[in-house]
Amino acid sequence: MANGFETEDDDDRGLISDRIRNALTDEIAAGTLAAGAALDEQQLADRFGASRTPVREALRQLAAGGLVELRARRGGVVARMTPERIMDMFETVAEIEAVCVRLATYRMTPLERSRLIELHEFSRPIVESGDVDAYDSFNRQFHETIYRATHNGFLEEQAIAIRNRLNAFRRTQLRQGERLSRSRDEHEAIMQAIAEGDGEMASRRMRAHMLNAATSLSRFIEANKPA
């Protein structure tokens, strides 16, 4: 084991690549890995006790999210992403999510509503344990369940696409202070508006939820700036 990562004999490559991606995501978002920093496949493989295959997959996923720029036969480099650009992206996704939850409130089926309630309840022990990775996985399912409940395939596709661009930063902001519990409380307020059939209120609360996430990310980055 190296740095807490199992070898590929102990875990499958997909899980290892996810863990490598998550570790690099946190370091990039926190500024530990600065823009322009080289990401050599062999060095990363040695660091995480893995082969180059899961490292290559992790870098590919980071590149898809805009965090890494891949270079032919040379690994990758950390992409240049300004705080202003990140906040612009959060502002955009906040509006898209607000539209999605407004439509979903009026269009979701009883089965979809039950699924959303089930997911929300499932998140309680995750928050209590402080498991950021598990909450990140739940959070994706929660929001994508809302996208599907719009019953608008094009809107769902666009919401998922822009979410994927922000995945790294949405995950990292969960590490700031009490963000996990606050995020769940905000979900609770959104769920209440959905239960009351108030799409406009659900929309306003979702927009605030996303902008609160952006604020938490800014605080996390500021708190973890290299001295």
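Residues numbered from 1 in each chain as written. Predicted model: local features only at pLDDT ≥ 70, side-chain atom pairs only at ≥ 80, totals over all residues. Heavy atoms only, no water.

Asks: Explain the overall build of the chain here, please?
Replies: Along the chain, the regular secondary structure elements total 9 helices and 3 strands. Tracing the chain from N to C terminus, the helices and strands come up as α-β-α-α-β-β-α-α-α-α-α-α. Relative to the compact-globule value of 17 Å for 227 residues, the chain shows a C-alpha radius of gyration of 18 Å, a close match. Dimensions along the principal axes, computed over C-alpha positions, put the chain at roughly 55 × 40 × 35 Å. (Helix = DSSP H or I, 4+ residues; strand = E, 2+ residues; numbered from the N terminus. Rg over C-alpha atoms; globule rule 2.2 N^0.38 Å.)

Asks: Can you walk me through helix α8 (residues 179-195) in this structure?
Replies: For the α-helix, the turn length of 3.6 residues means that residues three or four positions removed from each other point alike. For α8, spanning 17 residues, the distance from its first C-alpha to its last is 24 Å, which sits close to the expected 24 Å at 1.5 Å a residue. Restricting attention to buried positions, one finds in α8 the residues R179, L180, S183, R184, E186, H187, I190, M191, A193 and I194. One or two positions beyond α8, positive phi appears at G197, with a value near 70°. (Expected span 1.5 Å × (residues − 1). Buried < 20%, exposed > 50% of the residue type's maximum accessible area, 1.4 Å probe, protein only.)

Asks: Help me out: how do you make sense of the pattern of salt bridges in this one?
Replies: Once their charged atoms are close, side chains differing in charge can pair, the charge on each being opposite to the other. Going through the model one piece at a time under the given rule, you end up with 13 salt bridges. The closest approach of N and O atoms between E27 and R47, which form a salt bridge, is 2.4 Å. Placement of E27 in helix α1 (residues 13-30) and of R47 in helix α2 (residues 41-48) is noted, with a sequence separation of 20 residues between them. In this structure R47 comes out as partly exposed when scored by relative accessible area, which is 31%. With a closest N to O distance of 4.0 Å, R184 and E188 form a salt bridge. Of this pair, R184 and E188 both sit in helix α8, 4 residues apart, roughly one helical turn. Residue R184 is classed as buried on the basis of its relative accessible area, which comes to 7%. You can call E188 partly exposed: its relative accessible area is 37%. If you follow the salt bridges from partner to partner, you end up with E41, R52 and R56 in one network. (Salt bridge = Lys/Arg side-chain N within 4 Å of Asp/Glu carboxyl O.)

Asks: Looking at this model, I keep getting lost on the nonpolar core. Mind explaining?
Replies: With 32 residues, the main nonpolar core has I20, L24, F90 and F169 as its most contacted residues. Of all the elements in the fold, those that place two or more residues in this core are α1, α2, α3 (52-64), α4 (83-107), α7 (153-172) and α9 (199-223). Residue contributions to this core peak at 6 residues, all from α1. Counting 26 residues, the second largest nonpolar core, distinct from the first, contains Y135, Y147, L180 and M206. (Core = buried A, V, L, I, M, F, W, Y, C linked by side-chain atoms within 4.5 Å.)

Asks: What should I look at first to understand the sheet that holds strand β2 (residues 68-71) in this one?
Replies: The strands making up a sheet are joined through hydrogen bonds of the backbone, oriented either antiparallel or parallel. The sheet built from 3 strands is open, its strands ordered β1-β3-β2 with antiparallel pairing. Both outer strands of the open sheet, β1 (38-39) and β2, are each paired with one neighbouring strand and no more. On the sheet, α3 packs against β1 and β2 and is oriented at approximately 125° with respect to β2. (Pairing = 2+ DSSP bridges. Contact = heavy atoms within 4.5 Å. Axes fitted to C-alpha atoms, helices over the stretch in contact; angles between N-to-C directions.)

Asks: I keep staring at unusual backbone geometry and nothing clicks. Help me out?
Replies: Most of the time, phi is negative for any residue but glycine, and the peptide bond is trans. Of note in this structure, H151 is not a glycine but carries a positive phi near 55°. Relative to the assigned elements, H151 resides in the loop between α6 (132-148) and α7.

Asks: I keep staring at the confidence of the model for the chain and nothing clicks. Help me out?
Replies: Averaged over every residue, the pLDDT of the chain is 87; residues scoring 70 or more account for 91%. The least confident element of the chain, judged by mean pLDDT, is α1 at 82; the most confident is α8 at 96. Confidence drops under pLDDT 50 across residues 4-11; counting only partners more than four residues distant or on other chains, this segment forms 18 contacts. (pLDDT = per-residue confidence, 0-100.)

Asks: In this structure, what is going on with the pairing of strand β3 (residues 75-78)? I would like to understand it.
Replies: For a regular strand, side chains alternate in direction, first toward one face of the sheet and then toward the other. Note: β1 against β3, 2 bridges, orientation antiparallel. Note that in β3 the partner of L39 across the bridge is G76.

Asks: Help me understand α2 in this model?
Replies: All of the buried residues in α2 are E41, L44, A45 and F48. One side of α2 holds all its buried residues, which, seen down the axis, span an arc of 105°. Exposed and facing more than 90 degrees away from the buried side of α2 are Q43 and D46. Two to three positions downstream of the cap, the backbone nitrogen of Q42 sits 3.1 Å from a side-chain oxygen, assigning the N-cap of α2 to D40. Positive phi appears at G49, one or two residues downstream of α2, with a value of about 65°. (Arc of directions from axis to C-beta. Polar contact = N/O pair within 3.5 Å; in protein donor to acceptor, adjacent residues only side chain to side chain.)

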